[in-house]
Amino acid sequence: MANAPPTWELLLVPEGMKKITMEMDTKIPNAATFTVLKEDHTLGNLLRMQLLKNPKVIFAGYKMPHPLEHQFVLKIQTTPDTSPLDVLQHEIANLIQEVGTIKLKFENALTSRTLNPGEAPIPMHLPMRERRDF
């Protein structure tokens, strides 16, 4: 397309801008709004779901201001004993650890199961009684 922006513009944060900005809410106690640049629903929903697992989080939600802008706005409200920034940092660390665990399990499964070139894999999404070794 002639008028489409270069693909690198969708990924790189412009010079002088921060990837994440935070603004404390003046009307809601213990609430903040985080704007995350150059990301989309993938990270927005992942962070929201991870935040909602935390019992100190009262509310977590995100929205995409416009479908052609690659950014999302994340709103977090916490209990009075913690801050939205602390909870976000803690849950990002938990998410990184969880993704690392999934990656390790996947790599272990790949190395422990060596397939012969003509052998078909067992569909893992089927219940055990429906799986057949070919």
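In this convention, every chain numbers its residues from 1, walking through the sequence in written order. Whole-chain, interface and lining totals are the exception, using all residues; otherwise, since this is a predicted model, local features are given only for residues with pLDDT of at least 70 and side-chain atom pairs are given and counted only at 80 or more. Think of the side-chain values as coming from all heavy atoms in the structure, minus any hydrogens and water.

Per an unreviewed UniProt entry, the recorded name for the protein chain is DNA-directed RNA polymerase II core subunit, and the organism is Polyrhizophydium stewartii. UniProt positions are given in the numbering used here, feature names are shortened, and annotations may be inferred rather than shown by experiment. If you open the UniProt record of the protein chain and go to Subcellular location (unreviewed entry), you find "Nucleus".

Quick rundown of the pattern of salt bridges? Include the residues and the values.
One side-chain nitrogen of Lys or Arg within 4 Å of one carboxyl oxygen of Asp or Glu is enough to make a salt bridge. What the rule picks out here adds up to four salt bridges. Aspartate 25 is the salt-bridge partner of lysine 75, the closest N and O atoms lying 2.4 Å from each other. Of the two residues, lysine 75 sits in strand β4 (residues 71-78) while aspartate 25 sits in the loop between β1 (20-24) and β2 (31-37), which places them 50 residues apart along the sequence. The way it works is that DSSP assigns letters per residue, a run of H or I at least four long becomes a helix, a run of E at least two long becomes a strand, and they are numbered from the N terminus.

Go over the nonpolar core with me, naming the residues and quoting the values.
Definition used in this section: a nonpolar core is a set of buried Ala, Val, Leu, Ile, Met, Phe, Trp, Tyr and Cys residues joined via side-chain atoms within 4.5 Å. Buried residues are those whose accessible area, probed at 1.4 Å on protein chains only, stays under 20% of the maximum for their type, while exposed residues exceed 50% and partly exposed ones sit between those limits. Within the largest apolar cluster, 14 residues are counted, with the highest numbers of intra-cluster contacts made by Phe34, Leu47, Leu51, Phe72, Leu74, Ile76 and Leu88. Elements supplying a minimum of two residues to this core: β2, α1 (41-52), β3 (57-63), β4 and α2 (84-112). The contacts of leucine 47, once residues within four sequence positions are left out, are Phe72, Leu74, Leu88, Ile92 and Leu95. The contact criterion used is simple: two residues touch if any of their non-hydrogen atoms lie within 4.5 Å.

I'd like to hear about the environment of glycine 61, residue by residue, with values.
Structurally, glycine 61 can be placed in strand β3. Put simply, glycine 61 and leucine 74 are 13 residues apart on the chain and 5.8 Å apart in space, counted from C-alpha to C-alpha. Setting aside anything within four residues of it in sequence, one finds glycine 61 in contact with Arg48, Val73, Leu74 and Lys75.

Could you give an account of the sheet that holds β2, naming the residues involved and the relevant values?
Think of it this way: DSSP has to see at least two bridges between two strands before they count as a pair. Read across the sheet, four strands follow the order β1-β2-β4-β3 without closing on themselves; strand pairing throughout is antiparallel. Bordering the open sheet on either side are β1 and β3, each of which pairs with just one other strand. Averaged over all pairs of adjacent strands, the angle between strand axes in this sheet comes to 15 degrees, irrespective of strand direction. Sheet analysis places β1 next to β2, joined by five bridges and oriented antiparallel. Fitted lines through C-alpha atoms serve as axes, helices being fitted only where they are in contact, and the angles separating the N-to-C directions of these axes extend from 0 to 180 degrees.

So what's going on with unusual backbone geometry? Residues and values would help.
Not every positive phi belongs to a glycine, and asparagine 30 is a case in point at roughly 55 degrees. Within the secondary structure, asparagine 30 sits in the loop between β1 and β2. Using a relative accessible area of 26% as the deciding quantity, one classes asparagine 30 as partly exposed. With phi around 60 degrees, lysine 38 is a residue other than glycine that occupies positive phi space. Within the secondary structure, lysine 38 sits in the loop between β2 and α1. Classification of lysine 38 by relative accessible area gives partly exposed; the value is 23%.

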